[in-house]
Amino acid sequence: MELNSIEDVNALDEYQKLKQIERIEKQLHRLSYVPAIFCAGMIIWIFVFTWLAASWTAMHLLPVAIAISSVGYSNVQRTDLLKQLFRLKYGA
């Protein structure tokens, strides 16, 4: 693509900005599923574990800790993406 004028440069810059906004919004949408997926997984895991009538040990709490840390990390990523999105949309 040949850039012949300032308007072409501005249009290309705006196009790249819109693509980046679209990519960030897609990532935010995917990250919104993480808490629900882990919640459903934990409910299924607890149901199966209770069905087997096994005793609770420290090792059985490991999936709970993993779920909590994964949801927390996804929320940190979402916050970072929201900051980027805000900067791109509003230029702050």
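Model, not experiment: these values are computed from the prediction.

## A look at the packing of helix H2 (residues 34-51) against helix H3 (residues 62-90)
Contact geometry of H2 with H3 gives a least axis separation of 9 Å together with a crossing angle of 170 degrees. Here H2 is positioned roughly antiparallel relative to H3, judged by the angle of their axes. Across from Val34, Pro35, Phe38, Met42 and Trp45 in H2, the residues of H3 making contact are Pro63, Val64, Ala67, Ser70, Val71 and Ser74. Here the residues of the contact of H2 with H3 sort into nine nonpolar, two polar and no charged.

## Considerations on H3
A rise of 1.5 Å per residue sets the reference length of H3, with its 29 residues, at 42 Å; its end C-alpha atoms lie 42 Å apart and thus fit the reference within 8%. Those residues of H3 that fall on the buried side of the exposure criterion are Ala67, Ser74, Leu81, Leu85 and Leu88. Taken together, the buried residues of H3 touch helix H1 (6-31) and H2. Directly beyond the C-terminal end of H3, a positive phi value near 65 degrees is found at Gly91.

## Here we look at the UniProt feature "transmembrane region" (unreviewed entry) in the protein
UniProt records the feature "transmembrane region" (unreviewed entry) at residues 31-52 and 58-76, using the numbering of this structure. Secondary structure within residues 31-52 divides into 86% helix and 0% strand; the distance between the first and last C-alpha atoms comes to 32 Å. Secondary structure across residues 58-76 divides into 79% helix and 0% strand, with the first and last C-alpha atoms of the span separated by 27 Å.

## Re the packing of H1 against H3
Interhelical geometry of H1 versus H3 gives an angle of 155 degrees and a closest axis separation of 10 Å. One element, H1, and the other, H3, form an angle in the roughly antiparallel class. Taken as a pair, H1 and H3 cross one another with a handedness that is left-handed. When H1 is examined against H3, the residues Lys17, Gln20, Ile21, Ile24, Glu25, Gln27, Leu28 and Leu31 are found in contact with a partner set consisting of Ser74, Gln77, Arg78, Leu81, Leu82, Gln84, Leu85, Leu88 and Lys89. Class assignment for the residues of the contact of H1 with H3 results in eight nonpolar, five polar and four charged.

Thresholds, definitions, all that
Residues numbered from 1 in each chain as written. Predicted model: local features only at pLDDT ≥ 70, side-chain atom pairs only at ≥ 80, totals over all residues. Heavy atoms only, no water. Axes fitted to C-alpha atoms, helices over the stretch in contact; angles between N-to-C directions. Helix = DSSP H or I, 4+ residues; strand = E, 2+ residues; numbered from the N terminus. Parallel < 35°, antiparallel > 145°, perpendicular 65-115°, else oblique. Contact = heavy atoms within 4.5 Å. Nonpolar A, V, L, I, M, F, W, Y, C, P; charged D, E, K, R; others polar. Expected span 1.5 Å × (residues − 1). Buried < 20%, exposed > 50% of the residue type's maximum accessible area, 1.4 Å probe, protein only. UniProt positions renumbered as here; feature names shortened; annotations may be inferred. Left-handed = near helix turned anticlockwise from the far one by under 90°.

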